[in-house]
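# Examination of the molecular architecture
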Amino acid sequence: MAKLIFRYGAMGSSKTANALMVRYNYQEKNKKVALLKPRCEDRDGERMIKSRIGLAEPCEYAEDFLESYNGEHYDAVIVDEAQFLSPEMIDRLSDLADIYGITVICYGIRTDFRTQLFPGAKRLMELADDIEQIKTICWCGKRAHFNARLQDGEMVTEGEQVQLGGNESYTALCRRHYKERLVADPEG
Ligand SMILES: [Zn+2]
C-alpha cells in the first residue's frame, strides 16, 4: 500500500535537504519522482527548491501538478513546504496514494510563529499514514518545536501567518524559551 507521509520539523531542521536527498535516492535507483512545492513559496525563486546547505533542484508547483495529473506512473511524489498547501490540495495528494499507488512524502512545518497549526499541516496531521518528526534543537540544547518570528532581532507574536516580502527571520526554540521569548543564550 502506498503511503502519505508527513515529515515535519521546526525552522532549521534540514527538511529541504532531507527532501532533496530522498529524491536523489529514488532517482539513483531509476525511480520516477516528482518534486513539488506550493505556488506561494517563491523565496528560492520560481520552480526551484534550495536548502540552506547549498543543495538546489528544479521543481514543479504542486497546484499545477495536481491540476494536470492524469494518472501517469510515479514511484514517489515529494513535496517541500507542504504546510502552505490548502487542505484541499492535501486531500488530492492523499488520492495519489490511494487511487494511483504513489508514495507521497510531504515535508513541512507543523505550527506557525504563534504556535498555531498551518492549515496544510493540520490536514496532514489528520490524513497521513505516518507522521515523523525531523529533530532540531533550541540554543539551550532541548528539542525545539516552536518557530519564533524575529523582527529587527526582537521576537514578535502578532501578525499574519504568512508574511509576504517581509524582512523577518525565524529561529527554532523549545517551548519554555518560546514562552520566555528568549531567542538566544543570555549568557552568550
Ligand atoms: Zn530552550
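Structure first, text after, so check above.
One structure accompanies this document, and this report is about it. Every chain is numbered on its own, with residues counted from 1 as its sequence reads. A pLDDT threshold of at least 70 governs which residues receive local features in this predicted model, and a stricter bar of 80 or more applies before side-chain atom pairs are shown or counted, although totals over entire chains, interfaces and linings include all residues. The side-chain numbers reported here are obtained from all heavy atoms of the structure, hydrogens and water having been left aside.

Binding of the zinc ion to the protein goes through Cys 138 (SG), Cys 140 (SG), Cys 174 (SG) and His 177 (ND1), at separations of 2.0 to 2.3 Å. Each metal's donors are the N, O and S atoms within 2.8 Å of it, or within 3.2 Å when it is Na, K or Ca, and because water is not part of the set, sites may look incomplete. In this scheme the shape depends on donor count and angles: four donors with every angle between 85 and 135 degrees give tetrahedral, four or six donors with opposite pairs above 155 degrees and others between 65 and 115 give square planar or octahedral in turn, and any other case is irregular. Of note is the zinc ion, whose four donor atoms meet at the metal with angles of 98 to 115 degrees in an arrangement that counts as tetrahedral. Of note, the donors binding the zinc ion are all from one chain and are spaced C-x1-C-x33-C-x2-H. For every residue, the accessible area (1.4 Å probe, protein chains only) is compared with the maximum for its type, and the residue is labelled buried under 20%, exposed over 50%, or partly exposed between those bounds. Classification of Cys 138 as buried rests on a relative accessible area of 3%.

Before going further, it helps to examine the sheet that holds strand E9 (residues 146-151). Across the sheet, which stays open at both edges, the three strands sit in the order E10-E9-E11 with antiparallel pairing between neighbours. What marks the edges here is a single partner per strand, and that holds for strand E10 (154-156) and strand E11 (169-173). For this sheet, the mean angle separating the axes of adjacent strands, direction not counted, is 50 degrees. Strand pairing is assigned whenever DSSP detects at least two bridges linking the two strands. Numbering of helices and strands runs from the N terminus, with a helix taken as a DSSP run of H or I at least four residues long and a strand as a DSSP run of E at least two residues long. Sheet analysis places E9 next to E10, joined by three bridges and oriented antiparallel. Between N-to-C directions, angles span 0 to 180 degrees; the directions come from axes that are lines fitted to C-alpha atoms, helices contributing only their stretch in contact.

Attention now goes to the pattern of salt bridges. Salt bridges, as used here, are contacts in which a Lys or Arg side-chain nitrogen is within 4 Å of a carboxyl oxygen on Asp or Glu. Per the counting criterion, the structure on display carries ten salt bridges. Where Lys 122 meets Glu 126, a salt bridge forms, and the shortest distance between an N and an O atom there is 2.7 Å. Taken together, the residues span about one helical turn, with Lys 122 and Glu 126 both in helix H4 (residues 119-127) at a distance of four residues. For Lys 122, a relative accessible area of 42% translates into the label partly exposed. Overall, Glu 126 belongs to the partly exposed group, its relative accessible area being 43%. Between Glu 180 and Arg 176 there is a salt bridge, with its nearest N and O atoms 3.1 Å apart. For Glu 180, a relative accessible area of 41% translates into the label partly exposed. Sharing partners across several salt bridges, the network here consists of Asp 91, Lys 122, Arg 123 and Glu 126.

This brings us to unusual backbone geometry. One non-glycine residue, Asn 30, lies in the positive phi region at around 60 degrees. Summarising the element assignment, Asn 30 is placed in the loop between helix H1 (15-28) and strand E2 (33-37). Although it is not a glycine, Asp 152 sits at a positive phi angle of roughly 50 degrees. Along the chain, Asp 152 turns up in the loop between E9 and E10.

With that out of the way, let us pick up the sheet that holds strand E8 (residues 130-133). The six strands lie next to each other as E5-E2-E6-E7-E1-E8, forming an open sheet whose pairing is parallel. Edge positions in the sheet fall to strand E5 (60-61) and E8, since each of these pairs with one other strand and no more. Of the strand pairs in this sheet, E2 and E5 are connected by two bridges, and their pairing is parallel. Bridge pairing in E5 links Lys 37 to Tyr 61. Across the face of the sheet, helix H3 (residues 87-100) comes into contact with strand E1 (4-8), strand E6 (76-79) and strand E7 (103-108) while running at roughly 150 degrees to E7. With respect to the sheet, H4 is in contact with E1, E7 and E8, its orientation differing from that of E1 by roughly 130 degrees. Whether two residues touch is decided by their heavy atoms; if any such pair falls within 4.5 Å, the residues are in contact.

A separate point is the side chain of His 177. Structurally, the position occupied by His 177 is in helix H5 (residues 175-179). Overall, His 177 belongs to the buried group, its relative accessible area being 6%. When neighbours within four sequence positions are excluded, His 177 is seen to be in contact with Cys 138, Trp 139, Cys 140 and Leu 182.

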